[in-house]
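Next come the chains, spelled out residue by residue.
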Amino acid sequence: MRYIYISAFVFLCSLNFLNAQIPNAGFEDWTSGEPNNWLTNNADPYITVTQSNSSHSGLSALKGAAINYIPPFLPVMGPVAFCEGADGYGFPIEGRFNSLKGFYKFNQQGGDQIVVTVVVSLDTVGIGAGSIVLNAAASYAEFGVPITYIDPATPNRCYVAIQMTNPIGGIIATLGSEIYIDDLQLSMDFVSDVKDEFQISKFELSQNYPNPFNPSTRIQYQVSSNSQVSLKVYDVLGNEVATLVNEEKPTGVYEVNFDASQLSSGIYFYKLNAANYSETKKMILMR
């Protein structure tokens, strides 16, 4: 019986060792506003990554937010975080793991998505990798990134990247998008049946950007099934002033540009109709 107890203790310790191989995986340790063992795109005064007490477990989690940036560079930039070891990018590991797992929640705006990437290597040669796209989650949800190997060797280094992005060209992120990441771990679990997060599951109309605008702005929307789509602009009296889309669209995320150079300053409304979905949002033209 004593042997069984000792064996169980050793087994549990080995599991803890495996799970602990990602440095600062629970984002409990921070120095000067930066998560220890992680490299971010923070550059004062442009801070996209901060410590948050809204955690899945423990005392803190990583929070990433889209922020305004100075033209002529990107108008909005999203958070980027790379896990690095003491000797640079990547960190040492022992084991041929099958997945990267963790917990996240995401206040998603404008079709933004979170891309989580993991690469494993033997010294400097990559032998396995995986990536997943995360969409909105109002409360903490578990995710899993399957690692696909191209070599039978056992890796000794790992690299993890977390980045907010937008599938529509020209927009890196949307102001208001926020991501929380916590409790990462390398796992022996297979997660090849992870739900494809690229799948668009709902119709959605996003807030135009920029807003207020002069004289043009971008409007993004998504379609979850082949549908006749209508996107029109109205003035405050309900008069139609522009038809931006009026055609059948397949499933996807779309963006249109609205040029209001011929209109006067004021409040306008844009309305999306697709299948049984209808939504209206307000925008402001300021000259």
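Quick one: what's the story with the overall build of the protein, residue by residue and with numbers?
Counting its regular elements, the protein contains one helix and 24 strands. Scored against the burial criterion, the 287 residues of the protein give a buried share of 44%. Taking contacts inside the protein between residues at least 6 apart in sequence as the whole, the part at least 24 apart equals 68%. Carbon and sulfur atoms make up 55% of the accessible area of the protein, which amounts to about 14600 Å² in all.

Describe the packing of aromatic side chains, naming the residues involved and giving the relevant values.
Enumeration over the complete set of coordinates arrives at six aromatic pairs. When the ring of Phe-27 is compared with that of Trp-38, the centres are 5.0 Å apart and the planes differ by 45°; the resulting orientation is tilted. Placement of the pair is Phe-27 in the loop between α1 (2–19) and β1 (30–31) and Trp-38 in strand β3 (residues 38–40), with a sequence separation of 11 residues. Note on Trp-38: relative accessible area 3%, which makes it buried. Note that Arg-96 overlies the ring of Tyr-149, its terminal NZ or CZ placed 3.9 Å from the centroid.

Lay out the sheet that holds strand β4 (residues 49–52) with the relevant residues and their values.
Pairing is antiparallel across the open sheet formed by five strands, whose spatial order is β4-β5-β17-β11-β14. Whereas interior strands pair on both sides, the edge strands pair on one side only; in this sheet they are β4 and β14 (137–146). The sheet shows a mean angle of 30° between the axes of neighbouring strands, direction not considered. Where β4 lies against strand β5 (residues 61–65), four bridges are found, and the strand directions are antiparallel. Each residue of the ladder has a partner; that of Thr-50, found in β5, is Lys-63.

Describe the environment of Phe-269, with residues and values.
One can find Phe-269 in strand β23 (residues 266–274). On a C-alpha basis, the gap between Phe-269 and Gly-238 in space is 8.5 Å, while along the polypeptide they are 31 residues apart. Non-local contacts of Phe-269, meaning those with residues more than four positions away in its chain, are made with Lys-232, Val-233, Tyr-234, Asp-235, Val-236, Thr-280, Lys-281 and Lys-282.

Talk me through the environment of Phe-91; I want residue IDs and the actual numbers.
Secondary-structure assignment places Phe-91 in strand β10 (residues 91–92). Spatially, the C-alpha atoms of Phe-91 and Asn-37 are 8.9 Å apart, while their sequence positions differ by 54 residues.

About the thresholds
Residues numbered from 1 in each chain as written. Predicted model: local features only at pLDDT ≥ 70, side-chain atom pairs only at ≥ 80, totals over all residues. Heavy atoms only, no water. Helix = DSSP H or I, 4+ residues; strand = E, 2+ residues; numbered from the N terminus. Buried < 20%, exposed > 50% of the residue type's maximum accessible area, 1.4 Å probe, protein only. Contact = heavy atoms within 4.5 Å. Areas by Shrake-Rupley, 256 points an atom, 1.4 Å probe, with all protein chains shown as cover. Phe/Tyr/Trp six-rings, centres within 6.5 Å; stacked < 30°, edge-to-face > 60°. Lys NZ or Arg CZ within 6 Å of the ring centre and 35° of its normal. Pairing = 2+ DSSP bridges. Axes fitted to C-alpha atoms, helices over the stretch in contact; angles between N-to-C directions.

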